[in-house]
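The chain contents come next:
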Amino acid sequence: MKIRFGTALVMTAGLSLPVAYAAPISDSVDAHVLAAQKAAGLDFPGTLEVLCIQPTDGKDPAAAARAATTATPRTTPARETWYAEPAKVFDNVYWVGTKINSSWAIKTSAGIILIDTMYNYAAETEIVDGLKKLSLDPAAIKYVIVSHGHGDHDEGAKMLQDKYGARVIMGAPDWDSIIKANNMPGGVPRRDMVATDGEKVTLGDETVTIILTPGHTLGTLSMLFPVKDNGKTLEVAYSGGMGFNFPRDPARFDIYINSADKFAKKAKAAGASIVLSNHSMYDQAWIRSHMARKPGEVSPFVVGADGVKRYFTVLSECAKAEKLRLKSS
């Protein structure tokens, strides 16, 4: 792969060190990439790599792997390439993902809110069996929030809908797109709840606030919700769509940038100190979920308010850089 912009990446998980960063001093590709690199620091090297270091054809570096996995018919990848043990991450939040993608279970007093469902081939093994390994009942899943309509996040939705009667929530444009395509392995879920901006999904003693953040797809959903860590309440900003694998025109990048800036403001107002997402291969969720902690030690997922701000800076600055690349090509 030929790289447009060379930069040194430190692939270190679980470190949250303060990093000095500032807005680019000029509106150039290199200036925006440098601003993103400084913002990423040691917390978000995977995000920086996939967004700011692009092949010369402008494609998502994971596009070939995604295309191979979503082809119909398709071959299920070897288990050892994706399977991961589930883990309890916070007092009330559990990671039930693969080495590639993440699914998150929020335990409430009235059942479970599940965020994202991964590929069909992994959903039963990782989500259903994973919850059982964690002494949780998958039948307690009441809501399934799908961040966006791509196979690596939505293919398990129909199984959970049919098997447990879970309500499925998705953005309107993405409901439209998956129903129109009608080609999901495992089947397309029945159109159910359509998310609205600022909608609060409450189950028992927990509430997830949905923020519409179009860009990655036109129906991408991001979320804010509290978690408890050793009894202390912390706020999570859940990033619902990151990559640039969409129609590559400047207007679409403007939509993406506006959504990143919008969600950054919402996360700041909520006091978020944690960033979660749906791609464990980029944010090291698989690794961080299994890191041993000493009593009283801060979770490796906690990056602080500054870290949350830096995450959205990476998204915005890399998008600005890619938009300029398009204009100059």
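Everything that follows concerns the structure shown earlier in this document.
S.K.: Just give me the short version of the environment of Gly296, but keep the residues and values in it.
M.R.: Along the chain, Gly296 turns up in the loop between helix H10 (285-289) and helix H11 (304-328). Along the backbone, Gly296 and Asn230 are 66 residues apart, and their C-alpha atoms lie at a distance of 7.7 Å.

S.K.: Could you give an account of the sheet that holds strand E4 (residues 111-115), with specific residues and numbers?
M.R.: If you walk across this open sheet you meet the seven strands as E1-E2-E3-E4-E5-E6-E7, and the pairing is mixed. Every other strand in the sheet has two partners, leaving strand E1 (87-90) and strand E7 (193-194) as the edge strands with one partner each. Note that strand E2 (residues 93-95) and strand E3 (residues 104-108) share three bridges and pair antiparallel. Directly across from Tyr94, in E3, lies its bridge partner Ala105.

S.K.: Let's hear about the state of the cysteines: which residues, and what values?
M.R.: Enumeration according to the criterion identifies one disulfide in this entry. One disulfide bridge connects Cys52 with Cys318, the sulfur atoms lying 2.0 Å from each other. Torsion about the S-S bond of the Cys52 and Cys318 cystine: about -115 degrees, corresponding to left-handed handedness. With Cys52 in helix H2 (residues 45-52) and Cys318 in helix H11, the pair connects residues that are 266 residues apart, well separated along the chain. We classify Cys318 as buried; its relative accessible area is 0%.

What counts, and where the lines are drawn
- Residues numbered from 1 in each chain as written.
- Predicted model: local features only at pLDDT ≥ 70, side-chain atom pairs only at ≥ 80, totals over all residues.
- Heavy atoms only, no water.
- Helix = DSSP H or I, 4+ residues; strand = E, 2+ residues; numbered from the N terminus.
- Pairing = 2+ DSSP bridges.
- Disulfide = S-S within 2.5 Å.
- Buried < 20%, exposed > 50% of the residue type's maximum accessible area, 1.4 Å probe, protein only.

Functional significance is not addressed by these values, which are geometric in nature.
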